[in-house]
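The lines below spell out each chain.
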Amino acid sequence: MHINLESDYAVRIVHCLALSSARLDAQSIAERTCVSLRFTLKIMRKLVAAGIVRSYKGARGGYVLARAPGEITLRQVIEAVEGPYRFSRCVDGDYACNCSTMTDCPFRSVFDVVTRLVTDKLDTVTFDRLT
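Residues numbered from 1 in each chain as written. Predicted model: local features only at pLDDT ≥ 70, side-chain atom pairs only at ≥ 80, totals over all residues. Heavy atoms only, no water.

(A) Spotlight on the overall build of the protein. Along the backbone of the protein there are 5 helices and 2 strands. Each helix and strand of the protein, placed in order from N terminus to C terminus, yields the pattern α-α-α-β-β-α-α. For the protein, with 131 residues in total, the buried portion stands at 35%. Within the protein, residue pairs in contact and separated by at least 24 positions form 63% of the contacts whose partners lie at least 6 positions apart. Of the roughly 8,200 Å² that the protein leaves accessible, carbon and sulfur atoms contribute 53%. (Helix = DSSP H or I, 4+ residues; strand = E, 2+ residues; numbered from the N terminus. Buried < 20%, exposed > 50% of the residue type's maximum accessible area, 1.4 Å probe, protein only. Contact = heavy atoms within 4.5 Å. Areas by Shrake-Rupley, 256 points an atom, 1.4 Å probe, with all protein chains shown as cover.)

Shown next as structure tokens:
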């Protein structure tokens with residue numbers, strides 16, 4: 001099981017910005033992270049919308065982190081591009097199991113525990129610890 005490619009790239013991009021002491025343009029970010037410019041721009045829009053990255057327009061524009069690296073967690077970045085993390089869709093409150101033979105799903109509680117373990121761990125890792 002893997003996080004999706006967009007999340008992998010988003011983590012690399014935020015890490016790149018955490019290491020930089022100046023604004024970086026999208027092309028520089030793309031080159032430093034080995035992510036295509038087009039995909040970098042797509043991810044940057046999501047990171048800006050989530051309040052993780054700040055965007056500046058114009059000739060001296062670029063991107064910087066909107067908060068200190070120590071205030072940004074891996075979970076925040078992953079969820080900015082993927083939405084809320086769930087180990088399985090069955091832990092979503094509005095999901096209805098379509099298996100007519102199960103009256104009480106034996107997996108839901110286990111998957112809920114796994115979801116909480118993963119999200120709790122992702123919440124403990126901030127980008128100041130990765131620089």
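(B) Focus on the packing of aromatic side chains. Applying the stated criterion across every chain yields a total of 3 aromatic pairs. Plain terms: the ring middles of Tyr9 and Phe39 are 5.4 Å apart, the flat faces sit at 80° to each other, and that makes the pair edge-to-face. Remark: Phe39 occurs in helix α3 (residues 37-49) and Tyr9 occurs in helix α1 (residues 5-19); sequence separation between them is 30 residues. Relative to Phe111, the ring of Phe87 has its centre 5.1 Å away and its plane inclined at 55°; by these criteria the two rings are tilted. Highlighted residues: Phe87 in the loop between α4 (74-82) and α5 (108-124) and Phe111 in helix α5, separated in sequence by 24 residues. Classification of Phe111 by relative accessible area gives partly exposed; the value is 23%. By the ring-pair criterion, three or more aromatic residues cluster together here, those being Phe87, Phe107 and Phe111. Against the face of Tyr56 rests Arg23, its NZ or CZ located 3.6 Å from the ring centre. (Phe/Tyr/Trp six-rings, centres within 6.5 Å; stacked < 30°, edge-to-face > 60°. Lys NZ or Arg CZ within 6 Å of the ring centre and 35° of its normal.)

(C) Just the pairing of strand β1 (residues 53-56), in detail. Two elements, β1 and strand β2 (residues 62-65), share 4 bridges in a ladder whose sense is antiparallel. From the neighbouring strand, Arg54 faces β2, where its bridge partner is Val64. The antiparallel pairing of β1 with β2 creates a hairpin that spans 5 residues between the two strands, and Gly58 there sits at a positive phi of about 100°. (Pairing = 2+ DSSP bridges.)

(D) Structural context of α1. Between its first and last C-alpha, α1 extends 21 Å over 15 residues, near the 21 Å set by a 1.5 Å rise per residue. Along α1, the positions that sit buried rather than exposed are Glu6, Ser7, Tyr9, Ala10, Val11, Ile13, Val14, Cys16, Leu17 and Ala18. Against the buried residues of α1 lie α2 (26-33), α3, β1, β2 and α4. N-cap assignment for α1: the residue whose side-chain oxygen lies 3.1 Å from the backbone N of Glu6 is Asn4. (Expected span 1.5 Å × (residues − 1). Polar contact = N/O pair within 3.5 Å; in protein donor to acceptor, adjacent residues only side chain to side chain.)

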